[in-house]
Amino acid sequence: MNDTFLKACRGEKVDYTPVWIMRQAGRYLAEYRAVRGKADFLTMCKTPELAAEVTIQPIDILNVDAAILFSDILIPCEAMGQGLDFHEGKGPILGPPIRDEDTVKKLFVPDPEESMGFVMDAIRLLRKALSNRVPLIGFAGAPFTTATYMIEGGTSKGFLHTKRMIYENPALYKSFMDKVTATITEYLKAQVAAGAQAVQIFDTWGGIFSPADFRMHALSYVQQIIKDLKEWMQKRGETVPVIYFVGSTAGLLEEIKTSGADVFGVDWRINIDDAAKRLGGDVVVQGNLDPLSLFLPKDKIEENVKDVLSRASSARGHIFNLGHGVVPETPRDNVIALVEMVHRLSKK
Ligand code: CP3
């Protein structure tokens, strides 16, 4: 098995820098669009065979060192009792928005196998289909990032309703977040039990806070999840690495450092050597090429890859990735070239 990614997660020596790409299964691939032409996005998520098919596409096409389960961070919102739909061009729509005691009360903490069994079925199917070619990463949204979608009813720019709830009714926010946190904790345990070999927690919107607010209103819930998950894994004799990715990482590194994660995802707004240093130096980092730099000519992409690799060499371990998801318009050839460059330039 290609276990370079898992070794890097554990901070062990590797022969080259492993690479995978956030949103590696997606619309920049014609092969993905072909499957997506036959089924809408949610149907794909809920049909294990389709989810497995598009999860494997980038392994074949890009030669990346890890597979990430095809799903979405908003799947648990529906399982908690909120309506979820994806509208063409408009992104996700969730309803009714969670903004008062009544809507919070109606939410429940679901049994993941009962209400999201299709995700665990996809994981079990993928472990068989991949037969140890590369490790499989499971994931969930962090409670705060998930909660923004539930409170705003979709994607937001200013996060007005979210911040209003936090500042005007902190007790309501906390009771809501306790439900989201319990749901995500059980969901991640179920993914590990089904066979996920690493898990990533996405906190895409964590960067909208001051460091103190981030600690109180976002990070504290992630710390609970990681602590609970690790205690649960220890009892089962599992050592599945936890990756924590926060968007707009730079302002929050001293906080992120205390999350309990094994690997820290870093976006492109900071040099990855600076990030590693502020995280404590002896850490494993993941990142951090600007996704839009994949529109540069290949020789310039290569210069950027070299820069990230040489900067990250100061950390204990490095997993190469973009600083956020690959966008649908990205030239597919450049994504293939990127993976080849990382492998060639990092070879020991
Ligand atoms: O990385 C992977 O390849 C695994 C699959 C994955 C998707 N979404 C598939 C997807 C993962 C890990 C996610 C995470 C996710 N989803 C996040 C956190 C990371 C990030 O990107 O910030 C967030 C915030 C979401 C919520 C979400 N899902 C939005 C806002 C949208 C609409 C925007 C868009 O790109 O269309 C989605 C839809 C979505 N999730 C698509 C894919 C492939 C596109 C759906 C389509 O095919 O029409």
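Above: the structure in question.
Residues numbered from 1 in each chain as written. Predicted model: local features only at pLDDT ≥ 70, side-chain atom pairs only at ≥ 80, totals over all residues. Heavy atoms only, no water.

**Digging into the environment of Gly195**
Spelled out, the test is: Here a strand is any run of E in DSSP of at least two residues, a helix any run of H or I of at least four, and the numbering for each starts at the N terminus. Only protein chains enter the accessibility calculation, which uses a 1.4 Å probe; a residue is then buried when its area is under 20% of its type maximum, exposed when over 50%, and partly exposed in between.
Counting through the fold element by element, Gly195 comes out in the loop between helix 11 (170–194) and strand 5 (198–203). On the basis of relative accessibility, which here comes to 12%, the residue Gly195 falls in the buried class. Gly195 sits 94 residues away from Leu289 along the chain, and the two C-alpha atoms are 29 Å apart.

**Re the site of the ligand**
Stated precisely, the cut-off is as follows: One heavy atom within 4 Å of a molecule or strand is enough for the residue carrying it to be called near that molecule or strand. A 3.5 Å cut-off defines polar contacts: any pair of N or O atoms within that distance qualifies, except that in protein one atom must be a possible hydrogen donor and the other a possible acceptor, and neighbouring residues in sequence count only when both atoms are side-chain atoms. Per-residue and other accessible areas follow the Shrake-Rupley method at a 1.4 Å probe size, with only the shown protein chains counted as cover for residues.
Around the ligand, the surrounding shell holds 23 residues, and the nearest of these are Arg23, Arg27, Tyr32, Asp72 and His324. Here an oxygen atom of the ligand and a side-chain polar atom of Arg27 are 2.5 Å apart. Here an oxygen atom of the ligand sits 2.6 Å away from a polar atom, N or O, in the side chain of His324. The fraction of the free accessible surface of the ligand (870 Å²) that becomes covered by protein chains is 89%. Within the residue set of the shell around the ligand, elements represented by two or more residues are helix 2 (30–36) and strand 3 (91–95).

**Describing the side chain of Asp213**
Short version of the rule: Two residues qualify as a contact provided that any one of their heavy atoms is within 4.5 Å of a heavy atom in the partner residue.
Topologically, Asp213 is positioned in helix 12 (residues 211–236). With near-sequence residues (within four places) excluded, Asp213 lies in contact with Tyr167 and Ala218.

**Overview of the pairing of strand 3**
How we decide: Pairing between strands requires that DSSP locate at least two bridges from one strand to the other.
Pairing between strand 2 (residues 83–87) and strand 3: five bridges, direction antiparallel. Considered in strand 3, the bridge of Asp85 is made with Ile93. In this structure, the hairpin formed by strand 2 and strand 3 is closed by a connection of three residues, where Gly89 is found at a positive phi of approximately 80 degrees.

**With respect to the packing of helix 10 (residues 160–168) against helix 11**
Heads up, the rule is: Axis definition: a line fitted to C-alpha atoms, limited for helices to the stretch in contact. Angles are taken between N-to-C directions and run from 0 to 180 degrees. Any angle that falls under 35 degrees is termed roughly parallel, while one over 145 is termed roughly antiparallel, one within 65 to 115 roughly perpendicular, and all others oblique. In the scheme used here, Gly and all other residues not listed as nonpolar or charged are polar, with Ala, Val, Leu, Ile, Met, Phe, Trp, Tyr, Cys and Pro taken as nonpolar and Asp, Glu, Lys and Arg as charged.
One can describe the packing of helix 10 onto helix 11 by two numbers: an axis separation of 5 Å at closest approach and a directional angle of 115 degrees. Of the possible angle classes, the one that applies to helix 10 and helix 11 is roughly perpendicular. Contacts from Met165, Ile166, Tyr167 and Glu168 of helix 10 reach helix 11 at Pro170, Leu172, Tyr173 and Phe176. Considered class by class, the residues forming the contact of helix 10 with helix 11 number seven nonpolar, no polar and one charged.

**Considering the sheet that holds strand 9 (residues 317–322)**
Reading across the sheet, the seven strands line up as 1-4-5-6-7-8-9 and stay open at both edges, with parallel pairing between neighbours. Every interior strand has two partners, whereas the edge strands, strand 1 (67–68) and strand 9, have only one. Looking at chain direction, strand 4 (residues 136–141) and strand 5 are connected through five bridges and run parallel. Across the sheet, the residue bridging to Phe139 is Gln200, located in strand 5. Packing of helix 12 onto the sheet brings it into contact with strand 5 and strand 6 (242–246), and relative to strand 6 it is tilted by some 170 degrees.

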